Amino acid sequence: MTIPDITIAIDGYSSTGKSSFAKLLARRFGFTYLDSGAMYRGVTLFAQEEGLINRRNMVDPSLEQALKDLDLHFDANNRTYMGDRCIEHLIRSLEVAAQVSPIAAIPYVRNYVDDRLHAFAKGGRVVMDGRDIGTTVFPDAELKIFMTASEEVRARRRYDEMVAKGEHPVFEEVVKNLRERDYIDSHRETSPLVRAADAFELDNSEMSLDQEIAWVQGLIQGKFSIL
Ligand code: CDP
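Quick caveat, the model's predicted, so the values are computed rather than measured. Within each chain, residues carry numbers counting from 1 in the order of the written sequence. Where totals are concerned, whole chains, interfaces and linings use all residues; where local detail is concerned, this predicted model gives features only for residues with pLDDT of at least 70, and gives and counts side-chain atom pairs only at 80 or more. Think of the side-chain values as coming from all heavy atoms in the structure, minus any hydrogens and water.

*Asks:* Describe in detail the pattern of salt bridges, supporting the description with residues and values.
*Replies:* Within this document, salt bridges are pairs made up of a side-chain nitrogen of Lys or Arg and a carboxyl oxygen of Asp or Glu, the two lying within 4 Å of each other. Using the criterion set out here, one finds 17 salt bridges in the structure. Salt-bridge contacts for Arg179 lead to Glu151; the nearest nitrogen and oxygen are separated by 2.7 Å. One end of the pair, Arg179, is in helix α8 (residues 171–187); the other, Glu151, is in helix α7 (residues 151–164), with 28 residues separating them in the sequence. Here's how the labels work: a residue is buried when its accessible area is under 20% of the maximum for its type, exposed when over 50%, partly exposed in between, all with a 1.4 Å probe on protein chains only. Classification of Glu151 as partly exposed rests on a relative accessible area of 34%. When the shortest N-O distance is used, the salt bridge between Arg154 and Asp182 registers 2.5 Å. Placement of the pair is Arg154 in helix α7 and Asp182 in helix α8, with a sequence separation of 28 residues. No difference in accessibility class separates Arg154 from Asp182, as the two residues are buried. The secondary structure listing takes helices from DSSP runs of H or I that are at least 4 residues long and strands from runs of E that are at least 2 residues long, numbered from the N terminus.

*Asks:* How would you summarise the site of the ligand if you had to cite specific residues and measurements?
*Replies:* As a matter of local geometry, the ligand sits amid 19 residues, with Arg41, Arg110, Asp132, Asp185 and Arg188 nearest to it. Arg158 is positioned with one of its side-chain polar atoms (N or O) 2.9 Å from an oxygen atom of the ligand. Throughout this description, a polar contact denotes any pair of N or O atoms lying within 3.5 Å of each other; where both atoms belong to protein, one of them has to be capable of donating a hydrogen while the other can accept it, and for residues adjacent in sequence the pair is counted only when both atoms sit in side chains. With respect to the ligand, the side chain of Arg188 contributes an N or O atom lying 2.8 Å from an oxygen atom. Looking at the shell around the ligand, the elements that each hand over two or more residues are α2 (36–49), α4 (94–104) and α8. Here the shell around the ligand takes four residues from α2, the largest share from any one element. Grouping the constituent residues of the shell around the ligand by class yields four nonpolar, six polar and nine charged. Consider each residue's heavy atoms; a residue with any of them within 4 Å of a molecule or strand counts as near. Residue type decides the class: Asp, Glu, Lys and Arg count as charged, Ala, Val, Leu, Ile, Met, Phe, Trp, Tyr, Cys and Pro as nonpolar, and the leftover types, Gly among them, as polar.

*Asks:* Give me the lowdown on the packing of aromatic side chains, citing residues and values where you can.
*Replies:* To pair, rings of Phe, Tyr and Trp, with the six-membered ring standing in for Trp, must have centres within 6.5 Å; the planes then decide the type, stacked if under 30 degrees apart, edge-to-face if over 60, and tilted in the middle. In total, this model carries four aromatic pairs according to the counting rule given. Judged by centre distance (6.0 Å) and plane angle (75 degrees), the ring pair of Phe29 and Phe31 falls under edge-to-face. Both residues of the pair, Phe29 and Phe31, belong to the buried class.

*Asks:* A description of the pairing of strand β1 (residues 7–12) should follow, citing residues and the corresponding values.
*Replies:* Most of β1 sits out of view: six of its six residues are buried. Here β1 shows no split at all, with Thr7, Ala9 and Asp11 on one side and Ile8, Ile10 and Gly12 on the other all buried. In terms of strand pairing, β1 meets strand β7 (residues 143–148) through five bridges, oriented parallel. Counterpart to Asp11 in the pairing with β7 is Phe146. Any two strands with at least two DSSP bridges between them are considered paired.

*Asks:* So, the sheet that holds strand β5 (residues 85–86): which residues are in play, and what are the values?
*Replies:* Taking strand neighbours across the sheet as the criterion, the three strands line up as β3-β4-β5 in an open arrangement whose pairing is antiparallel. Edge positions in the open sheet fall to β3 (72–74) and β5, since each of these has one partner strand only. Pairing between β3 and strand β4 (residues 80–82): three bridges, direction antiparallel. Bridging from a neighbouring strand, Leu72 pairs with Met82 of β4. Note on contacts: a residue pair qualifies if any of its non-hydrogen atoms lie within 4.5 Å across the two residues. Only the stretch in contact is used when fitting a helix axis, every axis being a line fitted to C-alpha atoms; angles between N-to-C directions are given from 0 to 180 degrees. Set on the sheet, α2 makes contact with β3, β4 and β5; between it and β3 the angle comes to about 140 degrees.

*Asks:* Please provide a residue-by-residue account of helix α1 (residues 18–29), values included.
*Replies:* Any helix carries an expected span of 1.5 Å times its number of residues minus one. Look at α1: 16 Å from first C-alpha to last across 12 residues, which is about the 16 Å you get at 1.5 Å a residue. If you check which residues of α1 are buried, you get Lys18, Phe21, Ala22, Leu24, Leu25, Ala26 and Phe29. Gly30 lies just past α1 and shows a positive phi near 70 degrees.

In structure tokens:
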């Protein structure tokens with residue numbers, strides 16, 4: 001099946017499996033995958049390393065100026081870099097997860113990330129995942145998907161992911177972090193997480209990745225009248 005030159009926007013709450021789905025989709029369709037959450041995580045790691053955010057999530061206003069020189073980008077394998085340092089592993093820690101949502105609620109941080117995402121997406125044929133891709137970053141995306149899954153399934157996925165990486169998470173803490181981030185993400189003033197009116201909802205609580213791909217292929221065939 002030939003996929004047209006479209007932009008695919010995938011949004012949803014934490015751990016709904018957006019990035020696994022988006023990555024596989026990109027590989028199968030020959031698209032570029034862009035992980036917007038990794039950018040917010042990268043800014044959070046930067047603020048932590050520079051001592052610009054305290055334990056109570058108070059952010060030093062000098063972060064705004066410091067972002068002007070911050071070079072966050074991806075390599076060909078979707079790994080996140082800060083300058084020439086690979087930070088892929090560091091940004092997935094619970095420490096970063098604990099502070100990323102307050103950082104992502106700051107308007108100048110959102111502008112910084114949006115500018116970078118637009119620059120990375122210049123070539124087209126892009127699949128991007130996040131919280132506000134279909135509503136704010138690419139409101140004209142030709143295909144928008146809003147992913148959901150039950151809280152139990154989401155927490156279990158995140159927990160298993162961390163265990164697989166050799167970490168020792170406490171299940172209740174993982175649940176707490178998901179709930180806190182979901183709350184902040186959907187209640188913030190600047191581009192909160194909401195389902196775009198023209199997004200198709202995908203509840204993947206009981207679906208395999210292959211079933212998800214088959215679902216989206218059906219959707220694309222119908223929407224773009226492909227035989
Ligand atoms: O991996 P998970 O789905 O839990 O989160 P992520 O996609 O890595 O995003 C981490 C955090 O960045 C989210 O909890 C949001 O606070 C923020 N984010 C955002 O505000 N807007 C986006 N487009 C993507 C992420």
